[in-house]
Amino acid sequence: MPGGARGIGRAVATALAADGWRVAVAARRDSDDLRSLRDSLGDGHDVALCDVSDDVAAGRWVDSVGERLGPVDALVHAAGPFARAARSTDDAAAWRRVFADNLFAVVGLAGAVVPAMRERGWGRVVVFGHAGVATLRPPPTIAAWYAAKAALVCFSRALAAEGAGRGVTVNCVSPGVIDTGGMDAETFERMAAQVPGGVAGRPEHVAALVRWLLSDEAAHVTGAEVTVAGGWDLPRSVYKTG
Ligand SMILES: NC(=O)c1ccc[n+]([C@@H]2O[C@H](COP(=O)([O-])OP(=O)(O)OC[C@H]3O[C@@H](n4cnc5c(N)ncnc54)[C@H](OP(=O)(O)O)[C@@H]3O)[C@@H](O)[C@H]2O)c1
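Since we're looking at a predicted model, the values are computed, not measured.

Basis of the calculations
- Residues numbered from 1 in each chain as written.
- Predicted model: local features only at pLDDT ≥ 70, side-chain atom pairs only at ≥ 80, totals over all residues.
- Heavy atoms only, no water.
- Pairing = 2+ DSSP bridges.
- Helix = DSSP H or I, 4+ residues; strand = E, 2+ residues; numbered from the N terminus.
- Axes fitted to C-alpha atoms, helices over the stretch in contact; angles between N-to-C directions.
- Contact = heavy atoms within 4.5 Å.
- Salt bridge = Lys/Arg side-chain N within 4 Å of Asp/Glu carboxyl O.
- Buried < 20%, exposed > 50% of the residue type's maximum accessible area, 1.4 Å probe, protein only.
- Parallel < 35°, antiparallel > 145°, perpendicular 65-115°, else oblique.
- Left-handed = near helix turned anticlockwise from the far one by under 90°.
- Nonpolar A, V, L, I, M, F, W, Y, C, P; charged D, E, K, R; others polar.

Turning our eyes to something else, we now look at the sheet that holds strand 3 (residues 74-77). Working definition: the strands of a sheet are paired by backbone hydrogen bonds and lie parallel or antiparallel to each other. Spatially, four strands are ordered 3-4-5-6 in an open sheet, and the strand pairing comes out parallel. Strands with a single pairing partner mark the edges of an open sheet, and in this sheet they are strand 3 and strand 6 (225-228). For this sheet, the mean inter-axis angle between neighbouring strands, taken without regard to orientation, is 20°. Of the strand pairs in this sheet, strand 5 (residues 168-175) and strand 6 are connected by four bridges, and their pairing is parallel. Each bridged residue has a counterpart across the sheet, and for Pro175 the counterpart in strand 6 is Val228. Against the sheet, helix 5 (residues 143-163) makes contact with strand 4 (123-128), strand 5 and strand 6, and its axis sits at roughly 160° relative to strand 5, the strand it touches most. Along the sheet, helix 7 (residues 203-213) makes contact with strand 3, strand 4, strand 5 and strand 6, crossing strand 5 at roughly 170°.

Next up, the structure:
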């Protein structure tokens, strides 16, 4: 699971470990968050440093997870760093960086683990989109991130088609405004105020869906994009006047 040190990924890693999964988490920095996750998960799990946007490093990480924990039954890609530019056309290098983190890393990791899932006849992939992307009306300063998330939905559907009938499901979970501590307080309050009821979601709301998507109960759910947004992505006239 790339991206479990904090936020949604941490809640997912904690929930899956409680369900009996052996969890492997990767993050780029050796932070207090990562160390405390390692302590709280305890033995039988694997918390490592790896930048999964680097294909070679990601391949080595997948191999080492296989050696330590056994075959990979589920890939949950929770690393999707948000990036803001001055303008939508600002910087081609920034667009490449956003796509490397949010899309190409997933393509590479899926290529490393999904073929073996198909051979074993069981596997789960969950990626994270963004609830607002469905409108395809990106604020210019975050157009690259929107575009990468939209492409990720497309990729997840193609991957789902390849796993269909082979026991491998692939789904996209698209959060709206979730209280992960990742935004400055002023921006977060402004965003949370836009959620019907004025309350942001919690990482645990998202984790609950992921743990179900990984279960046998969800065996017939694949190629879906499910929003966890409290109605934030719905037309305002519906919830303000209705
Ligand atoms: N939070 C929200 O409200 C929200 C809204 C819409 C969509 N989402 C999506 O939901 C997912 C989870 O979001 P989040 O806000 O909880 O977390 P996030 O900021 O996207 O990711 C945080 C985690 O990912 C790790 N990470 C980032 N890039 C990495 C890389 N290249 N290789 C390895 N680890 C990497 C970070 O650790 P290091 O920094 O140490 O690497 C950290 O553990 C993301 O895909 C995000 O885009 C979130």
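Following the criterion strictly, the structure yields eight salt bridges and no others. Where Arg35 meets Asp32, a salt bridge forms, and the shortest distance between an N and an O atom there is 2.6 Å. Placement of the pair is Arg35 and Asp32 together in helix 2 (residues 32-41), with a separation of three residues, close to one helical turn. Residue Asp32 is classed as exposed on the basis of its relative accessible area, which comes to 59%. Salt-bridge contacts for Arg97 lead to Asp101; the nearest nitrogen and oxygen are separated by 3.0 Å. Of the two residues, Arg97 and Asp101 are both situated in helix 4 (residues 92-120); the distance of four residues between them amounts to about one turn of the helix. In this structure Asp101 comes out as buried when scored by relative accessible area, which is 12%. The network of salt bridges with common partners includes Asp30, Asp32 and Arg35.

Viewed as axis vectors pointing N to C, helix 4 and helix 5 meet at an angle of 10°, and their least axial separation amounts to 9 Å. Looking at the two axes, helix 4 sits roughly parallel to helix 5. Helix 5 is crossed by helix 4, and the crossing has right-handed handedness. Between helix 4, through Trp95, Val98, Phe99, Asn102, Leu103, Val106, Val107, Ala110, Val114 and Arg118, and helix 5, the contact on the second element is made entirely by Ala143, Ala144, Trp145, Ala147, Ala148, Lys149, Ala151, Leu152, Phe155, Leu159, Glu162 and Gly163. Partitioning the contact of helix 4 with helix 5 into residue classes produces 17 nonpolar, two polar and three charged.

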